[in-house]
Amino acid sequence: MTTPPNNIFDSIRADEIDGVLNHTVDRYDGVIISSKALPTDVVSFQTILGSSIQFWKENRRRGVWLKVPIEKSVLVAPAVEAGFVFHHAEKDYVMMNHWLSEDENRMPLNASHQVGVGCIVINNGKLLMVQEKNGPLRGTGVWKMPTGLSDPGEDLYEAAVREVFEETGIETEFVSIINIRQSHTALFGKSDLFFVCLLKPKNTTITMQPAEIAACEWVNAEVYLQQGFFKKSPIFGVVNQQIRQVVSAVAADPNWVVIPDNEREAAASSSPSSEAVGTDIGAVKVGVNPLTSKDLPVPSLVVSKLPNGIRPGESVVYHFPV
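Note on numbering: residues in each chain are counted from 1, in written sequence order. Reporting in this predicted model follows two pLDDT cut-offs: at least 70 for local features of residues, and 80 or more for side-chain atom pairs to be given and counted; totals over whole chains, interfaces and linings ignore these cut-offs and use all residues. Water and hydrogen atoms play no part in the side-chain values, which are based on all heavy atoms of the structure.

**Some words on the pairing of strand E11 (residues 191-201)**
Selection criterion: Burial status follows relative accessibility: with a 1.4 Å probe on protein chains alone, a residue under 20% of its type maximum counts as buried, one over 50% as exposed, and anything between as partly exposed. Helical segments are the DSSP runs of H or I of at least four residues, strand segments are the runs of E of at least two, and each set is numbered from the N terminus. For two strands to pair, DSSP has to find at least two bridges joining them.
In terms of burial, E11 is a largely internal element, ten of the eleven residues being buried. As paired elements, strand E7 (residues 113-123) and E11 share nine bridges and run parallel to each other. In the strand pairing of E11, Ile-120 is matched with Leu-198. Pairing analysis gives ten bridges linking strand E10 (residues 172-183) to E11, with the strands arranged antiparallel. Its bridge partner being in E11, Thr-172 is matched across the sheet by Pro-201.

Below you can see the structure in the form of structure tokens.
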């Protein structure tokens, strides 16, 4: 069985059967209870839940999904008494499920990973670096790349661009993913996927976010790479060696031209119609014409956003240039 999309619990066209909770049957012979049709009092819920479970067992349903909105949280305890367990919780609901079959439980576990981004932004041999105001590196003076977690429903490349702008005020274009780190020591017992992304700055004047950042500067790449804190870590040894290679490749790349803000403004005021010097590598070319290897300073994963084809909507794919 797979976890149903969250909105299906609120918008399903439920079967209405006397003495049974409104529900729909999914493609895996499981049951999805309509959260909107749940009773508001405990006694009524206990009665109809018991008869519903019996009905589903008789009809050989394998498992049941129950989403309890926070305004009906009094229903959680009787659901537990009936055999339901917690699957996950958000700020306004708790998701529960109950395996009915005598076979091995096939209901999927909750999401196992959080997704984070680290952002390498290069300008004339310097890296955009920050020092934490809060967190494990607070007060250490250690320079680090802008980092953060992706928001729900946010594409990875969008998260990278957003995090850089929020922390530093620098607008960027996503170029590629240069490496991926996986660990299993994230919060709440989750695993972590951390994507180190290469971005090209659109401006150079820093506007630091004072709530989270203690300092923000364009730092010489070797100053960052030679910090003792990172030399203690074999993982960062691999990551930083690749960052060094990227910095060297960008320095030798005539397409990677970043014009300082003051020069751009002076050029714009003297000749509004003139174009900036250099060729912009484009960064996110979303669609059927992704970047080619000639557009990239180092081999890495670029992004394309394409129609799913087999179902409605679009998805993002990260891939080597084709």
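**Brief notes about the state of the cysteines**
Covalent bonding between the sulfur atoms of two cysteines defines a disulfide. Rules: The term disulfide is used for any two cysteine sulfur atoms that are within 2.5 Å.
On inspection of all chains with the given rule, the structure shows zero disulfides. No disulfide involves Cys-197; its nearest neighbouring cysteine sulfur is the one of Cys-119, lying 5.8 Å away.

**Overview of the confidence of the model for the protein chain**
Low-pLDDT portions of the prediction should not be read for the details of their coordinates. Stated precisely, the cut-off is as follows: Known as pLDDT, the predictor's confidence for each residue is given on a scale from 0 to 100. By the convention used here, residues are in contact when the closest approach between their heavy atoms is within 4.5 Å.
Of all residues in the protein chain, 87% have pLDDT values of 70 or greater, and the mean over the chain is 87. Mean pLDDT values over the elements of the protein chain span from 55, in helix H1 (residues 8-11), up to 98, in helix H3 (residues 76-81). Segment residues 273-292 is flagged for pLDDT under 50; beyond a separation of four residues in sequence, or across chains, it makes 45 contacts in the model.

**With respect to helix H7 (residues 234-251)**
Stated formally: Every helix has an expected span of 1.5 Å times one less than the residues it contains.
The terminal C-alpha atoms of H7 lie 26 Å apart, and with 18 residues this matches the ideal 26 Å at 1.5 Å per residue to within 8%. Taken together, the buried positions of H7 are occupied by Val-239, Asn-240, Ile-243, Val-246, Val-247, Ala-249 and Val-250. On its buried side, H7 packs onto E7, strand E8 (126-132), E10, E11, helix H5 (221-225) and helix H6 (228-231).

**Quick word on the nonpolar core**
Quick reminder of the rule: Put simply, a nonpolar core is a bunch of buried Ala, Val, Leu, Ile, Met, Phe, Trp, Tyr and Cys residues held in one set by side-chain atoms that sit within 4.5 Å of each other.
Counting 30 residues, the largest nonpolar core has Ile-120, Ile-122, Leu-127, Ile-178, Leu-198, Tyr-224 and Ile-243 as the members making the most contacts within it. At the level of elements, E7, E8, E10, E11, strand E12 (213-220), H5 and H7 are the ones that each hand at least two residues to this core. Considering each element in turn, this core owes the most residues, six residues, to H7. Excluding residues that lie within four positions of it along the chain, Leu-127 makes contacts with Ile-120, Val-121, Ile-122, Glu-217, Trp-218, Val-219, Ala-221, Tyr-224, Ile-243 and Val-247.

**Looking at the pattern of salt bridges**
Put simply, the rule is: Salt-bridge detection follows one rule: a side-chain nitrogen of Lys or Arg within 4 Å of a carboxyl oxygen of Asp or Glu.
Going through the model one piece at a time under the given rule, you end up with ten salt bridges. Note that Asp-29 and Arg-61 form a salt bridge whose closest N and O atoms lie 3.7 Å from each other. Taken as a pair, Asp-29 in the loop between strand E2 (20-25) and strand E3 (31-33) and Arg-61 in the loop between helix H2 (42-58) and strand E4 (63-69) lie far apart in primary sequence, 32 residues in all. A salt bridge links Glu-163 to Arg-162; the shortest N-O distance between them is 3.1 Å. By the burial criterion, Glu-163 is buried, and Arg-162 matches it. Sharing partners across several salt bridges, the network here consists of Asp-151, Glu-154, Arg-162, Glu-163 and Glu-166.

**Some thoughts on the pairing of E8**
Burial analysis of E8 places six of its seven residues in the buried class, which makes it a mostly covered element. With two bridges connecting them, E7 and E8 associate as antiparallel partners. Among the inter-strand pairings, Ile-122 is bridged to a residue of E8, identified as Leu-127. What sits between E7 and E8 in their antiparallel hairpin is a turn of two residues, with Asn-124 showing a positive phi close to 55 degrees. Pairing analysis gives seven bridges linking E8 to E12, with the strands arranged antiparallel. Within E12, the residue paired with Met-129 across the bridge is Glu-217.

**Here we look at the packing of aromatic side chains**
Rules: When two rings of Phe, Tyr or Trp (its six-membered ring) have centres within 6.5 Å they constitute a pair, described as stacked for plane angles under 30 degrees, edge-to-face for angles over 60, and tilted for the intermediate range. For a ring to carry a charge above it, either NZ of a lysine or CZ of an arginine must fall within 6 Å of the ring centroid while also lying within 35 degrees of the normal to the ring plane.
Summed over the entire model, instances satisfying the criterion amount to five aromatic pairs. Consider the rings of Phe-230 and Phe-236, whose centres lie 4.8 Å apart with planes at 55 degrees: the pair is tilted. Classification of Phe-230 as buried rests on a relative accessible area of 5%. Residue Phe-236 is classed as partly exposed on the basis of its relative accessible area, which comes to 25%. Among the aromatic residues, those joined into a cluster by ring pairs are Tyr-224, Phe-229, Phe-230 and Phe-236. Positioned above the aromatic ring of Tyr-93, the side-chain terminus of Lys-67 is 4.7 Å from the ring centre.

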